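# Structural description and commentary
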Amino acid sequence: ILSSFLLFYHFYDVLLILVIYLGLFARFWESTICAILLGIIIDSISVCPKGLHVMTYVLCTVGTKLVIQYLDSDSYIILPFLLSIAVLFENLFFISTISLVEKKLYLSDSIANRISAQILWAVITGPPLVIVIKFLYGLWEGNILLLIEKRNKQ
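Residues numbered from 1 in each chain as written. Predicted model: local features only at pLDDT ≥ 70, side-chain atom pairs only at ≥ 80, totals over all residues. Heavy atoms only, no water.

A separate point is the overall build of the protein. Within the protein, the secondary structure is distributed over five helices and zero strands. Taken from the N to the C terminus, the helices and strands of the protein come in the order α-α-α-α-α. Each of the three principal axes of the protein carries a C-alpha extent, and together these read 65 × 35 × 30 Å. Evaluated residue by residue, the protein yields a buried proportion of 36% over its 154 residues. (Helix = DSSP H or I, 4+ residues; strand = E, 2+ residues; numbered from the N terminus. Buried < 20%, exposed > 50% of the residue type's maximum accessible area, 1.4 Å probe, protein only.)

Have a look at this one:
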């Protein structure tokens, strides 16, 4: 739907932001299971080879977990870098997989322009979206804890 609007023609995979968020702030198994489920859902509605999104999301989750071992996960300075690397990795993974399946290399100026536009979109919109997701998750978690406390008092 977004690609029919000229402004969003070169937009990136927005679920990648959720995968990176889970990789930053959730436990390993929780983020990996969510990445697998999100990948299965997207693989079922996309025309890409099956398992491509699952593998990409899991590798991005594991990569994020490896990066935050050395960097502070609460630092919003690393978010644009993580998101741009994830978008670049996803695109290169897709191009290489499709090139292997089709036995033809799919690299051109238009693809490079699309990837650079997606990275720019990820750097601009990604960190605010991660902040919003973190805020909403905090609200959700706080409300769940309040409901549990109310139920325990009764």
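What follows concerns the nonpolar core. Grouped together as the largest cluster of nonpolar side chains are 26 residues, with contacts concentrated most on Y12, L16, I20, L24, Y57 and C60. Only α1 (15–25), α2 (28–45), α3 (52–67), α4 (79–102) and α5 (109–153) provide two or more residues apiece to this core. With seven residues, the top contributor of residues to this core is α1. Discounting chain neighbours no more than four positions away, the residues touching Y57 are D13, L15, L16, V19, A35, L38, G39, I42 and E90. (Core = buried A, V, L, I, M, F, W, Y, C linked by side-chain atoms within 4.5 Å. Contact = heavy atoms within 4.5 Å.)

Another aspect to go through is α2. For α2, built from 18 residues, the straight-helix expectation of 26 Å at 1.5 Å per residue is met to within 8% by its first-to-last C-alpha distance of 26 Å. Along α2, the residues classified as buried are S31, T32, A35, L38, G39, I42 and D43. Projected down its long axis, α2 carries its buried residues within an arc of 135 degrees, all on one side. Residues W29, S44 and I45 are exposed on α2 and point more than 90 degrees away from its buried face. (Expected span 1.5 Å × (residues − 1). Arc of directions from axis to C-beta.)

In a packed pair of helices, the relevant descriptors are the angle between the two axes and the axis-to-axis distance. Following both chains from N to C, one finds α1 and α4 inclined at 125 degrees, their axes separated by 10 Å at the closest point. Classified by the interaxial angle, the pair formed by α1 and α4 is oblique. Judged by the twist between their axes, the crossing of α1 over α4 is right-handed. In contact with L16, I17, I20 and L24 of α1, α4 contributes L79, L82, L83, A86, V87 and E90. When its residues are assigned to classes, the contact of α1 with α4 shows nine nonpolar, no polar and one charged. (Axes fitted to C-alpha atoms, helices over the stretch in contact; angles between N-to-C directions. Parallel < 35°, antiparallel > 145°, perpendicular 65-115°, else oblique. Left-handed = near helix turned anticlockwise from the far one by under 90°. Nonpolar A, V, L, I, M, F, W, Y, C, P; charged D, E, K, R; others polar.)

Keep in mind that these numbers describe shape and distance, not what the molecule does.
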